[in-house]
Amino acid sequence: MHQLCHPRLASQLQAVLTDPEAPRSSLRFAIDMVLACEVRELTPILVNQALDVRLPFATRSIALDTLVHLIDNDSRVALRPLRLQIPLEDTRDEFRGDLLRILWPSHLSPEELLPLLTPEKDEQLFGSYRAFLLQIEKEDIAFSLSSVLASLQWLSQNVPALAHQYSREDFWIRINKLVWRSSWQFINEAGVLKAMTKLFIVMDEHHQPFSLEEANDETRFKLFESLLHHKNRPHPQSLVFNFHNQPTLLSQEDWDNVYALVMTPLTSKTREWLTKVLILLLDLTPTDSPGSIYSKRYDQLHEAKRRFASSRRVLYPRFKAEDLTSEDNLQSRKYFQDIRNRKRKDVLKKKRRRKLKLRQIVKGQKHIQLILVQGITASFREWNFLLHYLSSKKTNAGFLADTDISQSNRWAKLSSTQKNKVVDLAYDIILRHPIPPQEWFTLGGGINYFAISLYRAILLCQKQRPAYLQSFPANFWENWSGFLVQLESTLDNDHQYELVKLAAISAPTAVDVAVFQQADAYDDRKEFSSFYQLKFLYQALPKAKFSNLMLLAIKFNAWRDDYSASVLVDMLNLSYKPAMDYAMQLINEPNDRLPLTIAVYKWLLFKPRTARTDSWEHWEQLSTHPNLAATVIRQSVNHPRAGELQHLAILEEQQLHTLILWLTYAFKLIPEDIDDWDNSNPLGSFGALRTAAASELASRGTISAWELLKELSIHFGAPYWVQVHLDQVRENLRRNSWEPITPDALIALSQDSNRRWIKSATDLQELVLESLNRFQIDLHNELIAAEVLWIPVKATDRRKKSGYEVRDENFLSNVIRRHLVQDLQRTDILVKREVEIRSSLGRETGQRTDIFVDAFSREVNGNKADIVSVVIEVKLSKNKEVETALNNQLIPYLIDQKYKHGIYLIGWHYGNHDNKPSDKKSLPNLYRLLEKQTQDVDKDYFIRTKLLDIRLPADKARSEADKPFFEVI
């Protein structure tokens, strides 16, 4: 976007920024341009907008956010009053955050900063204010004496709010530590100790920690003495005990200093408080400390008790004998006795439950033994009980049952005889129900417990006695097919459709009918929008014919349209060919099955996993039905995100270009930027698809993609959504064409600034132009170099005086070629490449006017590889074709020989020694003509033009004003 910068950009953007009725998309684009091009001329306008309370808050907020990146010192001074005028509409703290980022730290002192640090209004937003808070956490703020006093006062007033409202606790703890650390450094200054004392008391009331960083023993004890004489002294425990690993003001090493204070003249209340502190310090002293420190301090405490009545009042309860018969002690003893009784009862309950459980287990085992003894004479209820016992296992989630009881732990503990009896019983249970009771299951519905027990009997026989299943009557699988399909569709285990596969071998038609009936039952129930088992049944039964039956039901409109469409799409996902044929019939022939047609188009065009090479044909076909296309796009792009439209990747670049144009004009999208991703916009789906197509086109990163987007930009008037993707395709083009340089070549380039890395014909073209510039300098500075191109002549009848005559084009071409050979074929000019310079015969005159410059590397066998070429067309200014040779000779020759890069080189010789004829263009006019011709060349070809001044250095016609005309075009 920075490439769009130009001198009048500020005035153009000012008109948009100051227009109160400008569309939001235009305003957004203008702001992006201001930031990308750093248009600092608009800074005063943005400052005025941020300060103007009459403007909408959104306008002021956008202006302030833009100023964060363009701010200067004068603007910061102008914005300082805003710190006292934060708008009430700033509900997300974005305005506050931008202002703080602008003013801090150059135009905002610490005492001004702290009142502005208010609770975050939106804790989920990581915006400008949160970014500023994170910035403050990493800085060391320098405090002055006035800043320390103001910060201590601010903390004292805001500790309650900090303790209960601020969620970013770590940040406020750090601010707290920062203020305390600075305060310890200024504690000897007037007013600081008093303010610290007040803050300590307030923080103690709200259980907030303080910091001892930068504090020493002297300053720490000075604060303690100040607390001692304050009327609202904190509780002694907050000075001594360490709560949650927070620092303490006193430690046991401060005993002597505190004891010395007790012995000084004090008020009664003060000495009582100090005595309590000493008692707590004594508790911190280890009883086995060396030198009997504990005993010494204990004696000192009793000395204070002996001398001062106030100390005795504190110490008396501590050393008073305890009355075990008091009411409090009796209640305490009763409380602990109740706890012991409850624990004893819990133990007894657990024992009783364990005994009861053991009785139940023993009883169950006896019952199982009885069932096994009964064998095939056992009832169906007893079979259920046996299944429950054998398959149940206890887990952390409770009791679970294995569908296949042969996989359970209890089955493994049975003897061979017992296993045989269980299998025999299962076989007998199956024979008792040659036709499963219809009341046990419902097609498309549920299955009761008895049906599952019956299924487990068949599964057990299939696992343990496969011969039993082979002995079943011929019609068994026909009768059981519907039951098995319904039951195994509801199971989620390793045996899914295992018995259905067996049934399909003996009774394939019955299984097909059963599957179709189940799908038909789903159609009867409105809560089912699809036949979810189709995929698994199709994979389990690849040779089954039920899919044909279902497709017939769809064709003859036997099911609901929405259900039919869902089943048809499932068939398409399974690559079912008849379904694909029917889908093609739906979209190729007129029909009244609109829901099915829409579903097919959605599957063909918008499903990423079904990428088809012929999708463009379907786009073209859909474009002939605008109403149908609108419905398909709206239903497919209902939550538009570019990542969800990956199906566009299979389209070619020209097809994407056509799709963008069709979407714009078929659905009347405005060419300018619209909110493509707004679901409330009725055109949002079409705009989303158009933007996604442009994004896909930009991702190709090719020259043709760039040209197509450029064409769209010109066609639509350079809307924002196209310009963004132009930047994207430009970046992708660079990334795709980038060829990394090898380490040894990089080292060679770093050792000599004159060396070159040639990786393309464009690089070679630039190298040749640099060499021609050096040749131009030689012609201007060395007389002998220019004289080579001229022939001395004597005065004759035709020529009044002696002088010089310029040589022909062939000679000029040879001189230039010789210079290029000497200049470019040096061994140290190129890295890992060689240069070959050759000439060619002219088309008509036989003159050698074309110069070829080839750069190549050599393979191991000596052959040329990776060849890049540049063609130079040489003309003298007196040539009659000099004004047309670029288009009539150089370009056709490049096309004919498959080259892309050329240089049109004209030697200008008109001056004192050879006057310009009247029919020839002057130097400025010829330069402008060649400049226009060069710019109008087809974009597929890269042409550079240069006028070469070959006049003699002493030629008086030469002047400094001519130099711009000899620059490369």
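Throughout this document, residue positions are counted from 1 along each chain, in the order its sequence is written. Where totals are concerned, whole chains, interfaces and linings use all residues; where local detail is concerned, this predicted model gives features only for residues with pLDDT of at least 70, and gives and counts side-chain atom pairs only at 80 or more. Neither water nor hydrogens contribute to the side-chain values; these are computed over all heavy atoms in the structure.

Draft legend 1. Seen up close, the overall build of the chain. Here a helix means four or more residues in a row that DSSP labels H or I, a strand means two or more in a row labelled E, and each is numbered from the N terminus. Along the chain, the regular secondary structure elements total 43 helices and nine strands. A 1.4 Å probe rolled over the protein chains alone gives each residue an accessible area, and that area as a share of the maximum for its type sets the label: buried under 20%, exposed over 50%, partly exposed in between. Taken across its 969 residues, the chain has 45% of its residues classed as buried. Contact between two residues is taken to exist if any of their heavy atoms lie within 4.5 Å; hydrogens are not considered. Of the contacts formed within the chain by residues at least 6 apart in sequence, a portion of 66% connects residues at least 24 apart. Residue-level accessible areas treat just the shown protein chains as cover; the underlying method is Shrake-Rupley with a 1.4 Å probe. Carbon and sulfur atoms form 51% of the exposed surface of the chain, whose accessible area is close to 51900 Å².

Draft legend 2. Spatial organisation of the confidence of the model for the chain. pLDDT measures the predictor's confidence residue by residue and takes values from 0 up to 100. When pLDDT is averaged along the chain, the result is 79; 82% of the residues meet or exceed 70. Throughout residues 749–753 the model reports pLDDT below 50, and contacts reaching past four residues in sequence, or to other chains, amount to five contacts. Note on residues 827–833: pLDDT is under 50 here. Beyond four places in sequence and across chains, it has 27 contacts.

Draft legend 3. Focus on the nonpolar core. If you look at the biggest cluster of nonpolar residues, it comprises 118 residues, and the most contacted ones within it are Trp383, Val422, Leu484, Phe531 and Trp619. The element best represented in this core is helix 31 (residues 594–606), accounting for nine residues. Beyond its immediate sequence surroundings of up to four residues, Phe531 is in contact with Val515, Gln518, Ala519, Tyr522, Leu537, Met550, Tyr563, Val567 and Asp570. Leu13, Val34, Met196 and Leu199 belong to the second largest nonpolar core, which has 89 residues in total. Think of a nonpolar core as a cluster: buried Ala, Val, Leu, Ile, Met, Phe, Trp, Tyr and Cys residues, connected wherever their side-chain atoms sit within 4.5 Å.

Draft legend 4. Quick look at the pairing of strand 9 (residues 942–949). Most of strand 9 sits out of view: six of its eight residues are buried. Both strand 8 (residues 901–908) and strand 9 contribute to a ladder of eight bridges, which runs parallel. In the sheet register, Gly907 faces strand 9, and the bridge partner there is Leu948. Look down the strands so they point away from you; if going from the first strand over the helix to the second traces a clockwise path, that crossover is right-handed. One crossover worth recording links strand 8 to the parallel strand 9 by way of helix 43 (residues 923–935), and it is right-handed. Strand pairing requires that DSSP identify at least two bridges connecting the strands.

Draft legend 5. Inspection of the packing of aromatic side chains at higher detail. Side-chain rings of Phe, Tyr and Trp, where Trp is taken by its six-membered ring, are said to pair if the distance between their centres is within 6.5 Å; with planes under 30 degrees apart they count as stacked, over 60 as edge-to-face, and otherwise as tilted. Applying the stated criterion across every chain yields a total of 22 aromatic pairs. Each ring, one from Trp908 and one from Tyr910, has its centre 5.4 Å from the other, and the planes form 80 degrees; the classification is edge-to-face. On the accessibility criterion, Trp908 (4% relative accessible area) is buried. By way of ring pairs, the aromatic residues Phe606, Trp619, Trp662, Phe667 and Phe686 are connected into one cluster. The aromatic ring of Phe308 is capped on one face by Arg271, whose charged end is 3.9 Å from the ring centroid. Ring-over charges, as used throughout, are those where CZ of Arg or NZ of Lys falls within 6 Å of the ring centre and within 35 degrees of the ring normal. Taking NZ or CZ as reference, Arg807 lies 4.4 Å from the ring centre of Phe811, over its face.

Draft legend 6. Examining the side chain of Gln533 more closely. When you line up the elements, Gln533 lands in the loop between helix 26 (508–524) and helix 27 (534–540). Relative accessible area serves as the criterion here: at 11%, Gln533 is assigned to the buried category. Not counting chain neighbours up to four residues away, the residues in contact with Gln533 comprise Ser489, Tyr497 and Tyr522.

Draft legend 7. Structural context of the environment of Glu253. Relative to the assigned elements, Glu253 resides in the loop between helix 13 (237–240) and helix 14 (255–262). For the pair Glu253 and Thr285, spaced 32 residues apart in the sequence, the C-alpha separation amounts to 9.1 Å. Polar contacts, as used here, are pairs of N or O atoms within 3.5 Å; protein pairs need one atom able to donate a hydrogen and one able to accept it. Residues neighboring in sequence count only if both atoms are side-chain atoms. Of the polar contacts made by the side chain of Glu253, one reaches the side chain of Ser251; its length is 2.9 Å.

Draft legend 8. Just unusual backbone geometry, in detail. The omega torsion of the bond from Trp104 to Pro105 falls at 0 degrees, within 30 degrees of zero and hence cis. Positionally, Pro105 belongs in the loop between helix 6 (94–103) and helix 7 (110–113). Here the phi dihedral of Lys668 falls at roughly 55 degrees; this positive angle occurs in a residue that is not glycine. The residue Lys668 is located in the loop between helix 34 (653–666) and helix 35 (684–699) in this model. We note that Ala718 has phi near 55 degrees; this positive angle belongs to a residue other than glycine. By the element assignment, Ala718 lies in the loop between helix 36 (703–716) and helix 37 (720–737). On the basis of relative accessible area, Ala718 is assigned to the partly exposed category, the value being 39%.

Draft legend 9. Expanded view of the pattern of salt bridges. Note on definitions: salt bridges are taken to be side-chain nitrogens of Lys or Arg within 4 Å of carboxyl oxygens of Asp or Glu. This model, assessed by the stated rule, comprises 21 salt bridges. Of the charged contacts in the structure, one is a salt bridge between Lys463 and Glu498, with a shortest N-O distance of 3.3 Å. Of the two residues, Lys463 sits in helix 22 (residues 449–464) while Glu498 sits in helix 25 (residues 498–506), which places them 35 residues apart along the sequence. Residues Arg560 and Asp562 are paired through a salt bridge, measuring 3.1 Å at the closest nitrogen-oxygen approach. Within the structure, one salt-bridge network assembled from shared partners comprises Arg80, Arg83 and Glu112.

Draft legend 10. Inspection of the environment of Asn573 at higher detail. Within the secondary structure layout, Asn573 lies in helix 29 (residues 561–573). It is 8.7 Å that separates the C-alpha atoms of Asn573 and Trp603, two residues lying 30 residues apart in sequence.

Draft legend 11. Local environment of the packing of helix 34 against helix 35. What counts as an axis is a line fitted to C-alpha atoms, over the stretch in contact for a helix, and the angles between N-to-C directions run from 0 to 180 degrees. It is the contact of helix 34 with helix 35, at a shortest axis distance of 9 Å, that shows an interaxial angle of 155 degrees. Between helix 34 and helix 35, the angle falls in the class roughly antiparallel. As helix 34 packs across helix 35, the resulting crossing turns out to be left-handed. Of helix 35, the residues touching helix 34 (which contributes Glu653, Leu656, Leu659, Ile660, Leu663 and Thr664) are Phe686, Leu689, Arg690, Ala693, Ala694, Glu696 and Leu697. Only Asp, Glu, Lys and Arg are considered charged, only Ala, Val, Leu, Ile, Met, Phe, Trp, Tyr, Cys and Pro nonpolar, and every remaining residue, Gly among them, polar. Looking at the contact of helix 34 with helix 35, its residues break down into nine nonpolar, one polar and three charged. Angular relationships are summarised with four words: roughly parallel below 35 degrees, roughly antiparallel beyond 145, roughly perpendicular across 65 to 115, and oblique for the angles in between. What makes a crossing left-handed is the near helix being turned counterclockwise from the far one by less than a right angle; a clockwise turn instead makes it right-handed.

Draft legend 12. Broad picture of a nonpolar patch on the surface. Like charges are joined within 9 Å and nonpolar side chains (Val, Leu, Ile, Met, Phe, Trp, Tyr) within 5 Å, but only among residues with over 30% relative accessible area and no salt bridge; these make up the patches. Nonpolar side chains collect at one region of the surface, where Val513, Leu549, Leu552 and Phe556 lie side by side and expose about 360 Å² of accessible area between them. Positionally, Leu549 belongs in helix 28 (residues 546–555).

Draft legend 13. How the structure looks around a positive patch on the surface. Positive charge collects at one region of the surface, where Lys345, Lys349, Lys350, Lys351, Arg352, Arg353, Arg354, Lys355 and Arg359 lie side by side. Here Lys351 lies in helix 18 (residues 327–374). Residue class for Lys351 comes out partly exposed when judged on its relative accessible area of 44%. In this tally Asp and Glu are treated as negative and Lys and Arg as positive; neither His nor the chain ends contributes. To locate a charge, the coordinates of NZ of Lys, CZ of Arg, CG of Asp or CD of Glu are taken.

Draft legend 14. Geometry of helix 6. By the criterion of burial, helix 6 is predominantly enclosed, with eight of the ten residues buried. All of the buried residues in helix 6 are Phe95, Arg96, Gly97, Asp98, Leu99, Leu100, Ile102 and Leu103.

Draft legend 15. Fine view of helix 34. By this rule, a helix spans an expected 1.5 Å times one less than how many residues it contains. In a regular helix each residue adds 1.5 Å, so 14 residues correspond to 20 Å; helix 34 covers 20 Å between its end C-alpha atoms and thus fits that length. Among all positions of helix 34, only Glu653, Gln655, Leu656, His657, Leu659, Ile660, Trp662, Leu663 and Thr664 are buried. Backbone geometry just downstream of helix 34 places Lys668 in the positive-phi region, at approximately 55 degrees.

Draft legend 16. Highlighting the side chain of Ser238. Residue position: Ser238 is located in helix 13. There is a polar contact of 2.6 Å between the side chain of Ser238 and the backbone oxygen of His235.

Draft legend 17. View of the environment of Ala451. Assignment of secondary structure puts Ala451 in helix 22. Between the alpha carbons of Ala451 and Leu484 there is a distance of 9.8 Å; along the sequence they are 33 residues apart.

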